[in-house]
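Structure assessment
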Amino acid sequence: RGRMGAGALLLAAAVGVLAAPGWARPAAARGGLPFSNDSQPTPRPRQAHRPHARVRHGGSSRGRPPAPGEQFSVALSQRAADVAARGGELTLLWPGGAPSPLFEAEMNLAVYRGEAGNVREAHWHPDAAEWALVLQGTCFTLAVDNAGAAAADRLTAGDVWYFPRGWAHSVQAGADGCAAVLAFNSPEAVPTNDFGLSQLVAAFPAEAVAAELGETEERALRQQAELQRILQQGAPITFARAPVPQAPWPSTSPAVTTWPFLGRTPKECSADGLSCIQQLFDDTFVLAKDLSAEYDTIALGAVRTTHWHNSAAELQYVVKGRLRSTVLAYHGEPQHSMLGAGDVGWVPAGFAHTFQCLEAPCEVLLVWNAGQVPTQELDSLWRSSPLSLSAAALNATASELAGLQPQHLFSSGGGGAQPRCSTGKESRANLRP
């Protein structure tokens, strides 16, 4: 009926639910694509909602000191998908909310993988913004801003999307599929479609749905019956299929919801040029006021020097390699975690932490729940403090410490020859190993 608006584009992307095949059974292990679409689901039981104190812009709500031996990591690479259907799957870090009071009002994370044409149906998160890095393939995104205009784009590996809290959005995999890691600034914002287009059509009165969509009440009732049948299986609809776009959908919003993070962001590297960081804050990606990120490339044996973030919690997603992560918890208790590709670590606000590359190449994505993240570095503390104070704290003499020079960002590794980090613009290949 003439020009399609933003809402109509989202509706068209989700209508494929009705014509799509049945649910797929989640993989028994992290096997990834392809999927079978002719089996029945084995959904995860829906967790009861756990109220939490909303913390905005990197605040913290630590409820207690950690128990002895409390872990700061999850072997997400070994977990089965929580939702898998119609060529798409989602694996959630905390499906029922963060288990630790240290992190219960902080963040959550998910990994999305979709075959060609898979659609993450139009939905929104009432409690959180969404930030994502494309790891592999091509992703088409569409978001509806507060004025009702569409912001659409096409992303490839190394690009980022950001959707503010409450903005309806949809993602579709391109011809080469799509894989992305998603971060949320709330633990309850797990993407299980509690607020999605299919839920609206299934739950609202049929006569209201018919009037709003311009269709007959009989057809609306048939749609509702089909959607309710699927929902009663115990899992959200979440995914659909649609023809792969040849170009980004029409965009009418002035909002910039995507950014070429790894292709255009300058790098800061170690003195030997073997380890580098790239950071993306809201002074560059202006829309992303609630989430920001850093991408680290680390040489074999190199250590990301000790630091902490007073105003933001941190999630760590290992893209490549194997790391040893260390978090200094309360009472000086260190917690060590071995993280491989696809695993996740987390650090509450204010906790000192570091990590070392054990199997190269090491690449890790760090996401924070704030648009700007001041960082305190050990080398800055050392250089700013009188040597007599440091000597007293370490039970040493000033002369014993006089020759020490803590390194900035990275300590050099002993892993032999490594390729130097490029500091110019570059194109990114697929990030997923």
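Residues numbered from 1 in each chain as written. Predicted model: local features only at pLDDT ≥ 70, side-chain atom pairs only at ≥ 80, totals over all residues. Heavy atoms only, no water.

Let us look at the overall build of the protein. A count of helices and strands for the protein gives 8 helices and 21 strands. When burial is assessed residue by residue, the protein has 55% of its 433 residues classed as buried. Approximately 18,200 Å² of the protein is accessible, and the part contributed by carbon and sulfur atoms is 55%. (Helix = DSSP H or I, 4+ residues; strand = E, 2+ residues; numbered from the N terminus. Buried < 20%, exposed > 50% of the residue type's maximum accessible area, 1.4 Å probe, protein only. Areas by Shrake-Rupley, 256 points an atom, 1.4 Å probe, with all protein chains shown as cover.)

Attention shifts here to the environment of P386. Take P386: it is sitting in the loop between helix 6 (378–384) and helix 7 (387–393). Counting along the chain gives 12 residues from P386 to A398, while the straight-line C-alpha distance between them is 9.5 Å.

The next thing to look at is the pattern of salt bridges. Scanning the model with the defined rule gives 9 salt bridges in all. E215 serves as the salt-bridge partner of R219, at 3.1 Å between the closest nitrogen and oxygen. Exposure remark for R219: the relative accessible area of 37% places this residue in the partly exposed category. Accessibility expressed as a relative area gives 19% for E215, which makes it buried. Residue K289 is joined to D282 by a salt bridge in which the shortest nitrogen-to-oxygen separation is 4.0 Å. What makes K289 partly exposed here is its relative accessible area of 40%. (Salt bridge = Lys/Arg side-chain N within 4 Å of Asp/Glu carboxyl O.)

Going through the model one piece at a time under the given rule, you end up with 3 disulfides. What pairs with C139 in a disulfide is C178, and their sulfur atoms sit 1.8 Å apart. The sign of the 80° torsion about the S-S bond sets the C139-C178 disulfide as right-handed. With a gap of 39 residues between them, C139 in strand 6 (residues 130–144) and C178 in strand 9 (residues 169–184) connect regions that are remote in the sequence. This pair shows no difference in class: C139 is buried, exactly as C178 is. Paired by a disulfide, C357 and C362 hold their sulfur atoms 2.1 Å apart. Taking the torsion about the S-S bond as the criterion, the C357 to C362 disulfide, at about 80°, is right-handed. In the protein, the cysteines engaged in disulfides, taken in order along the sequence, are linked 1-2, 3-4, 5-6. (Disulfide = S-S within 2.5 Å.)

On the secondary structure map, D343 appears in the loop between strand 17 (334–340) and strand 18 (344–347). It is R322 that comes nearest to the buried, bridge-free D343 among opposite-charge side chains, at 7.6 Å. Here L76 takes part through its backbone nitrogen, which lies 3.3 Å from a polar atom of the side chain of D343. (Lys, Arg positive; Asp, Glu negative; His and termini not counted. Polar contact = N/O pair within 3.5 Å; in protein donor to acceptor, adjacent residues only side chain to side chain.)

For the peptide bond that leads from A360 to P361, omega is 0°, which places it in the cis range. As for its position among the elements, P361 is in strand 19 (residues 353–368). Positive phi, normally seen in glycine, also occurs at R86, with a value near 50°. Residue placement: R86 occurs in the loop between strand 2 (83–85) and strand 3 (88–92). Residue class for R86 comes out buried when judged on its relative accessible area of 1%. At N395, a residue that is not glycine, the phi angle is positive and equals roughly 55°. Structurally, N395 can be placed in the loop between helix 7 and helix 8 (398–401).

Another aspect to go through is the nonpolar core. The biggest cluster of nonpolar side chains holds 38 residues, and the ones touching the most others in it are L109, W131, L133, F261, Y317 and L365. A total of 4 residues in this core trace back to one element, the largest contributor, which is strand 16 (residues 314–328). Once residues within four sequence positions are removed from consideration, Y317 is found in contact with L109, V111, R113, L135, V181, G342, D343, V344, E363, V364 and L365. With 22 residues, the next largest nonpolar core counts V83, F163, F184 and F239 among its residues. (Core = buried A, V, L, I, M, F, W, Y, C linked by side-chain atoms within 4.5 Å. Contact = heavy atoms within 4.5 Å.)

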